[in-house]
Each structure stands twice: as structure tokens, then as C-alpha cells.
Amino acid sequence: MITDIYDVIVVGAGHAGCEAAAAAANLGSKTLLVTMNMQTIGQMSCNPAMGGIAKGQIVREIDAMGGYSGIIADKSAIQFKMLNLSKGPAMWSPRTQNDRMLFAEEWRYALEQTPNLDFFQDMVKSLIIENNRVAGVVTSLGIQIKGKSVVLTNGTFLNGLIHVGDKQLGGGRMGEPRAFGITEQLVSLGFEAGRMKTGTPPRVDGRSLDYSKMEEQKGDENPGKFSYLDTPRLSKQLSCHIVYTNETVHEILKEGFDRSPMFNGTIQSTGPRYCPSIEDKINRFAERTRHQLFVEPEGWKTVEIYVNGFSSSLPEEVQIKAMKHIPGFENVKVFRPGYAIEYDYFPPTQLNHTLETKLIEDLYFAGQINGTTGYEEAAGQGLMAGINAHNKVYGKDKFILGREEAYIGVLIDDLITKGTEEPYRMFTSRAEYRLLLRQDNADIRLTEKAYNLGLASQERLRKVEEKINKSRELEAFFAETSLKPGVINPVLESIESSPVDQAYRAAQILTRPNMTIEKLGEIDFIKEKTKQYSDEVREQAEVNIKYKGYIDKERENVVKLKRLETIKIPEDFDFTNINSLSSEARQKMNKVKPKSIAQAARISGVSPSDINVLLIHLGR
């Protein structure tokens, strides 16, 4: 038995576990990170990339609160792109392509430099439970480690089963053993468990590919970054490439369908809807003659390539035969075939908003154990679980982010209020206040909160305050500056915008379509003024000016929502006795136990009339 008693024990060192351990330790908890393999801390199990649509916003939120994911992504980036720039700022989403080995190396280095954090290599096979509270863990070696709280971040390792064609092997990732014991114990304690599936594509030798037959995808000309701190910007970047499957590829893949665990009944669990396998795509979208693939480098110093979009569990010989008919892949050499993996998860309606389980006190779940998919969703949950585990141990308030405050808040509320029967992936469309939850203002939304917790540094807070003050200063300049027709009309003409016949404020001109601060900088005195400010400040000011009306409207809607959030539902409220509620509403509300009228209204299957009935019963 290890004699130390830890404040927080984190099980699993993937993206959720790393953020949970870092948060708890940085807040002052004596923390232990238990992993089956010290060499795979912070491993990118699937694609070597961070961010993307809505996911990039989550990474920036984690960074704004003092988490590590944005910093690690910047330090290991090989390419940066801001997605959706042709759309409004609510949709802009940062994404990095990363060096897989460097990413894991930077994570381990960051954690080893974190005070209060210890490591232990072993598999956790069970939890120590005393009086419905968790009191530690037991490892496969029989070592008991006492802890005041435990955060489970098991990823795909709980009873993981790997499928390649008709071959099956136990594992949490290819070449790594699965974890067992925890599911069985939790089920015996009354938890509901389920199975989910995910998959990964083949990895191939880049030296065997002909890139001249592919479409090159370069990074942004002026690459950005994730972290609000002074992390390095890319001075050189590696290109990705785009290529397409064809009817020949599809016909070859179909030859293996009878041996596909996806179609012969071997796999019965649900896979990710928005990241289907190649065989699922050609089966579900039979009318399409081609599917897009992204050819992604794995790092600066390796020839390994990730074939994004070709996730498969077909027999390896079928995968290889089909790939050889993709343009540029005629002589492909495969390092590793694609595979599917099934694993245990626990429906997240069994959690509170803090990610603490309802059944066992001081036990927290984060990441794929909650039915999510994606590094970013896992990392966001890990951060919140680590914060709340620490706060509970030290008798501090719960830390919960609202849907109007962060994508992380939307994610957790969706999970525990609606549950999920398929791997949950974040999208901008899931957030009703996405114009408020932009990637550019995550620091303004969250850093002060994290600073008050003790997680974000004084330096972070100083940077945010400076950014707010400077952007207000620049906004005031545009609001006060008058532009005469002779000055502004040549600029308007260059963007095919209607000329003016009287003086207008610069802020009014800036609200026109296709007009930007950079474009207004063609006027000398505006250029002289705006070049005094950073790109970040200029972007913030421009968004605030151009979208002021929409932003104000969303803020009004938030105020209305908060009125419903203030109408609390007692914890012991019994919905079964209210006959006026629909049977579905009674069943689902008894399961979720919503804390407020607003949360009850978000439960799938609860109608507005059900909410009216509830309001009457609560005397409102």
C-alpha cells in the first residue's frame, strides 16, 4: 500500500486525465496521475490535430482558464488554419495539425514541471468505496492508494475490444492492453453502463505516395495560435493534401463487407455519426461516387502519414487493395491498418453538473467514459472535473459554467441533461448563444473566473484587462472619427460598396459587408492609428463594432434564460406524482433530476406544456 493519501487521484493520462491532473495540482491538491503506460501520456490516439469547428473554441476556453491543451498544441504545431473565415465570427474555428510525438513529449514535460503532481504506472482494477464515497483505488498489483476523490478518465480502455475484419483482440489502443474490473464494479454498485465504438484509419509511409496527384492544402499565410500567452507562432509549416476515393475503391471495399464487423453483427455498439468509417460512408451514401480524404503528416521528423477519412475495420488486405486505387496511393506501403474499437461508457445522465457521479460521492467521470468523442471535448471535461474534485476536497463552491458562458458549459449540460446514445461531438449549432461564445473572446469570458479560482495566473489576467481596455479604446476611435465622402468613397469603390454623399462615422462604415479595419487602413491616418494595436485587439474591436446589434440581442436572450435558471427545483422533488406531466417527461425528469426550470426545459422529450405544469406546481 502507498502510504500517501492524495486529495485527487486521476485514472488515465489521455487528454481528459492530463487536464484534470494539471488543474487539481495547480489549484493546490496533492494529486496522483495513474496510467498504464508512462510512455503514452498525452497520446494522440487518433488524428494528429487539435481544434476544428467548435472544438477550437473549447481549446481556447481551456487555455483562457489556465489549462495546458492550447499551449501544448502551439508548441507542437506543424500547421495552423482558421476555419470558416468566409462565415461570421461565431463560426471561426482555429485548428492545428500537430507533431504527434512532440505533442505527447510536451504534455509529459509540462506535467512533470507541475508542483503537487505525482505519477504511478499500473492499471487500476477497482475503486475503494466506503459508505457510498470513493476512498481510493486498487491497482492490478494489488496496491491500495488512498484518495479523497477520484477522477476516472479511461478513454477507450474499459474492456476495449479491437476489430480488424474477422480478427478481434483485447486492447485500449493498438498494441496496448485493455483495462478491466472497473465497469463490473460500478455496475454492481448500481451504475448503468453501455458500449460505444470508434475507429481509426490506416497509417502509411509518406515516401510511397505521389503527392503530384493530390491537391495541396497549405496552412494560413499568417498563422495564428491557440494560447493567449506568448507561445511561439509558426514560421514554417507542413502541408496536408486532399485526395478522393472513386468507384473502383468503393467496389473493392464492398468485397469485404461480409467480413466487416460493422455489417456481420460482430459490432452492435454505436459509432460516431459525424466521423463514420469508409465502409459506413459508401453503404449509407451509396449514390456518391467519391469521398474526400485528407492526407496528414504525423510530424516534422517522420514519414508516417494519417489517412483522415479512411477509418475502417475491414480486413487489412481489403483496406490495402482499395487504397492502391486512390490517386497517388498506387504504390502505398502501410505501417498499420485501420481498426475499430468497442469500449464501455456510462450514460452521463448519472452525473451532476460538476461531473461528480450521483451514486458515489467524490467520484468524477471525464472524457470518453461519458460518451463523448474528440480530444477537445475530453480535455474540457477533464479540466472541469479536476477543478471540482479539488474544490470539493477543500470545501469550496462548485464550479459550473453556464451555456451562455462557454462551449464547455454547453457540452456538460447537454451530456447530463440530454444524455447521449452515440459518441457526442461538439458543433457550433449546439450552442444557442454562439455569437457570445466566439474563439476570440474566450479569455474575456473566462480568465477572471479562473483567476478567482486560483487557476489562471496574474499574467493572464493582466493580458485580458489590457486587451479589453485597448479594444474599447480602438472602438471609441472608430465611433468618434468622421470620414468625409472624398476620403472614404475611393475605399468603398474598391469593395463595390455604395458611395456616400455626406460624412459618416468610421464605425458606421465598418458595419458594411466586406469592410474591415484592414481595408479602412488604406486611409493614412487610420492606418497610423490602428497599427499601434495588436492583431488580437483589432479583431476584437472589429467584431464588437460590426456585430453589436446581434451581440446585444443575444445578451438580452441570456437575461431571459437566467430568469428560468433562478427558478430552482428542490432536490427531493418527485415528478412521478404530477399526473398532468406526460409520462415521458415524468420518466426523464426523474432520471436527470433537473436543478432548475431552464434545465428541465432542455431535456429531450419535455414539452413547453410540461414546463407550464411544473411552474404551476412550484407556485409560479
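About the thresholds
For every chain, the first residue of its written sequence is number 1, and the numbers climb from 1 along that sequence. Selection of residues for local features in this predicted model requires a pLDDT of at least 70, selection of side-chain atom pairs for listing and counting requires 80 or more, and totals for whole chains, interfaces and linings are taken over all residues. The side-chain quantities take in all heavy atoms of the structure and omit both hydrogens and water. What counts as a helix is a DSSP run of H or I of at least four residues, what counts as a strand is a run of E of at least two, and both are numbered from the N terminus. The cut-offs for exposure are 20% and 50% of the maximum accessible area for each residue type, with area from a 1.4 Å probe on protein chains only; residues under the lower value are buried, those over the upper are exposed, and the others partly exposed. Between two residues, a contact is recorded if the distance between any of their heavy atoms is within 4.5 Å. Two strands form a pair only when DSSP identifies at least two bridges running between them. Here an angle of 0 to 180 degrees is reported between the N-to-C directions of two axes, which are lines fitted to C-alpha atoms, with helices fitted over the stretch in contact. To pair, rings of Phe, Tyr and Trp, with the six-membered ring standing in for Trp, must have centres within 6.5 Å; the planes then decide the type, stacked if under 30 degrees apart, edge-to-face if over 60, and tilted in the middle. A ring has a charge above it when a Lys NZ or an Arg CZ is no more than 6 Å from the ring centre and no more than 35 degrees off the ring normal. The salt bridge criterion pairs a side-chain nitrogen of Lys or Arg with a carboxyl oxygen of Asp or Glu, the two atoms within 4 Å.

(A) Layout of the environment of K588. If you trace the backbone, K588 turns up in helix 19 (residues 583-592). Take K588: its relative accessible area is 28%, and that puts it in the partly exposed class. Put simply, K588 and Q292 are 296 residues apart on the chain and 40 Å apart in space, counted from C-alpha to C-alpha. In this structure, K588 is in contact with I603, S604 and G605, ignoring residues within four places of it in sequence.

(B) How the structure looks around the sheet that holds strand 1 (residues 2-6). If you trace the four strands from one edge of the open sheet to the other, you get 1-10-9-8, paired in mixed fashion. Looking at the sheet topology across the chains shown, the edges are occupied by strand 1 and strand 8 (124-130). For this sheet, the mean inter-axis angle between neighbouring strands, taken without regard to orientation, is 25 degrees. Two elements, strand 1 and strand 10 (residues 144-147), share three bridges in a ladder whose sense is parallel. What sits directly across from I5, in strand 10, is K146.

(C) How the structure looks around the packing of aromatic side chains. Summed over the entire model, instances satisfying the criterion amount to nine aromatic pairs. Seen in terms of ring centroids, F346 and F365 are 5.5 Å apart; in terms of plane orientation they differ by 45 degrees. Their pairing is tilted. Note that F346 is positioned in the loop between strand 21 (339-345) and strand 22 (363-365) and F365 in strand 22, a separation of 19 residues in sequence. The residues F346 and F365 share a single accessibility class, namely buried. By way of ring pairs, the aromatic residues F191, F346 and F365 are connected into one cluster. Over the face of the ring belonging to Y228 we find R60, whose NZ or CZ atom lies 4.1 Å from the ring centre. In this arrangement the basic side chain of K236 is found over the ring face of W300, its NZ or CZ atom lying 5.2 Å from the centre.

(D) Spatial organisation of helix 2 (residues 55-64). Of all ten residues that make up helix 2, ten are buried, and the element is covered over most of its length. Here helix 2 has its buried residues at K55, G56, Q57, I58, V59, R60, E61, I62, D63 and A64. Looking one or two residues beyond helix 2, the residue adopting positive phi is G66, at roughly 95 degrees.

(E) Main features of the pattern of salt bridges. Taken as a whole and assessed by the stated rule, the structure comprises 45 salt bridges. In this structure, E584 engages K588 in a salt bridge whose closest nitrogen and oxygen atoms are separated by 2.9 Å. Of this pair, E584 and K588 both sit in helix 19, four residues apart, roughly one helical turn. When its relative accessible area of 36% is taken as the criterion, E584 is described as partly exposed. Linked through salt bridges whose partners overlap, the residues forming this network are R403, D413, D414, K418, E432 and R602.

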